[in-house]
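Chain residues, written in single-letter form:
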Amino acid sequence: MNPVVSRIIGWHKKTEKQQALVKYRVNSLIASLISLWPGRLWSLLSYFKSDKHLTGQHQYGFTYDELFRPFKYRRLKLLEIGIGGFGVFVGGNSLLAWKAFFPFGSIIGCDINPNSELTHVRTKIYQIDQSSGDQLTALQRDEGPFDIIIDDGSHLSAHQIFTFEHMLDTVKDGGFYIVEDVQTSYWPMELFETQWDGAHVDDPNFSRTCVGYFTDLAKYLNHAEFAKLDNLSPKFLFLAKKIRRITFEHNMIIILKCPNVEPSNSVRRRIVKEP
């Protein structure tokens, strides 16, 4: 390519990104101004063009509106892993919606790509590789605990599972840990010829996917009722005692972090019958 043409293209792309950053900062101010308005979260996600709630794409906004409405006016801290942005696109669309919905919230965004330009009032940005335990630990130390964690990162099952196990203890009791875009659990590499590490739902290896992992973990939520205690997964048993609820929806999994240690109903009946 002609060096002059190459320079012109490079300048044009740089200008486009600068314009996108200016637009982002304007939208960030708008988000602050409208945050006290008791509007619907799905409409904010759509307004700021987050792919979490757009026509023909995900429809997470309805669920998020229901889950997060009790948190709206709290002084909470929300962490989103994976905030988008590449080339001339700066990303951070969902961060704007969180900021607009939670007027007293602190928003933490993380991405494997450097997006420090998106740091703004009530919003911090970190460059994090979610497959790095050291980096996740540093994030926990610097910013935790969190009321809400949303994993919208690489969408690889291995990363989704690793991040969940590493970060669950950073969620406050009564808070939510959410894994988005778990459709990749159903996408085998050989079928899609991509990097996805999914499996067919009838494949024994499906238990290694994100959806398969949480399906198996859900069985342990009733650990107090187990008739036999041998051949159990110590890891799942440990995690289940911290989880009140696991909800599966189309392409997302919602975990309610809360102590789950109440005794068996059968134990209570025995106690009542004793003289």
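Residues numbered from 1 in each chain as written. Predicted model: local features only at pLDDT ≥ 70, side-chain atom pairs only at ≥ 80, totals over all residues. Heavy atoms only, no water.

A. Here's a closer look at the packing of aromatic side chains. For the structure on display, the rule yields 18 aromatic pairs. Each ring, one from tryptophan 42 and one from phenylalanine 62, has its centre 5.6 Å from the other, and the planes form 50°; the classification is tilted. Of the two residues, tryptophan 42 is situated in helix H2 (residues 41-47) and phenylalanine 62 in helix H3 (residues 61-68); the sequence distance between them amounts to 20 residues. Both rings, one in tyrosine 64 and one in phenylalanine 68, keep their centres 5.1 Å apart while their planes meet at 15°; by these two values the pair is stacked. One end of the pair is tyrosine 64 and the other is phenylalanine 68, both in helix H3 and four residues apart, which spans about a single turn. The same class applies to tyrosine 64 as to phenylalanine 68, namely buried. Taken together, the ring pairs connect Phe164, Tyr177, Tyr213, Phe214, Tyr220, Phe226 and Phe236 into an aromatic cluster. Above the plane of the ring of phenylalanine 71 lies arginine 74, whose end atom (NZ or CZ) is 4.5 Å from the centre. (Phe/Tyr/Trp six-rings, centres within 6.5 Å; stacked < 30°, edge-to-face > 60°. Helix = DSSP H or I, 4+ residues; strand = E, 2+ residues; numbered from the N terminus. Buried < 20%, exposed > 50% of the residue type's maximum accessible area, 1.4 Å probe, protein only. Lys NZ or Arg CZ within 6 Å of the ring centre and 35° of its normal.)

B. Structural view of helix H8 (residues 210-219). Of all the positions in H8, only Cys210, Val211, Gly212, Tyr213, Phe214 and Leu217 are classed as buried. The elements touched by buried residues of H8 are helix H6 (157-167), strand S5 (171-180), helix H9 (234-240), strand S6 (243-249) and strand S7 (252-257). (Contact = heavy atoms within 4.5 Å.)

C. Molecular detail of the pairing of S5. With respect to burial, S5 is a largely interior element, seven of its ten residues being buried. The sheet contact formed by strand S4 (residues 146-151) and S5 spans five bridges and is parallel. By the bridge assignment for S5, phenylalanine 146 is matched with valine 171. Where S5 lies against S7, five bridges are found, and the strand directions are antiparallel. Pairing of isoleucine 178 across the sheet is with isoleucine 254, part of S7. (Pairing = 2+ DSSP bridges.)

D. Fine view of a nonpolar patch on the surface. On the surface, a cluster of nonpolar side chains totalling about 300 Å² of accessible area is made up of Leu36, Tyr73 and Phe104. Of note, phenylalanine 104 is situated in the loop between helix H4 (93-101) and strand S2 (106-111). (Patch = residues over 30% accessible without salt bridge, like charges linked within 9 Å, V, L, I, M, F, W, Y side chains within 5 Å. Areas by Shrake-Rupley, 256 points an atom, 1.4 Å probe, with all protein chains shown as cover. Salt bridge = Lys/Arg side-chain N within 4 Å of Asp/Glu carboxyl O.)

E. Structural detail: the packing of H6 against H8. Between H6 and H8, the shortest axis-to-axis distance is 8 Å and the interhelical angle comes to 40°. Considering their axes alone, H6 and H8 lie oblique with respect to each other. For the pair formed by H6 and H8, the contact residues are Ser157, Gln160, Ile161, Phe164 and Glu165 on the first element and Cys210, Tyr213, Phe214 and Leu217 on the second. When grouped by side-chain class, the residues that make up the contact of H6 with H8 number six nonpolar, two polar and one charged. (Axes fitted to C-alpha atoms, helices over the stretch in contact; angles between N-to-C directions. Parallel < 35°, antiparallel > 145°, perpendicular 65-115°, else oblique. Nonpolar A, V, L, I, M, F, W, Y, C, P; charged D, E, K, R; others polar.)

F. Geometry of the environment of glycine 133. Relative to the assigned elements, glycine 133 resides in helix H5 (residues 133-143). Glycine 133 sits in the buried class, given a relative accessible area of 19%. It is 8.5 Å that separates the C-alpha atoms of glycine 133 and phenylalanine 162, two residues lying 29 residues apart in sequence. Sequence-distant contacts of glycine 133, defined by excluding residues within four places in its chain, comprise Phe162 and His166.

G. Local environment of the pattern of salt bridges. In this structure the tally under the stated criterion is 14 salt bridges. Among the salt bridges present, the one from glutamate 143 reaches lysine 77, with a minimum N-O distance of 3.0 Å. On the criterion of sequence distance, the pair formed by glutamate 143 in helix H5 and lysine 77 in strand S1 (residues 77-81) is long-range, its members being 66 residues apart. Judged by its relative accessible area of 3%, glutamate 143 falls in the buried class.

H. Fine view of unusual backbone geometry. In this structure, the amide linkage connecting glycine 144 to the following residue, proline 145, adopts the cis form with an omega of 0°. Inspection of the secondary structure assignment puts proline 145 in the loop between H5 and S4. We note that arginine 122 has phi near 70°; this positive angle belongs to a residue other than glycine. Tracing the chain through its elements places arginine 122 in the loop between S2 and strand S3 (123-127). Residue classification places arginine 122 among the partly exposed positions, given a relative accessible area of 23%. One non-glycine residue, asparagine 251, adopts positive backbone phi at about 70°.

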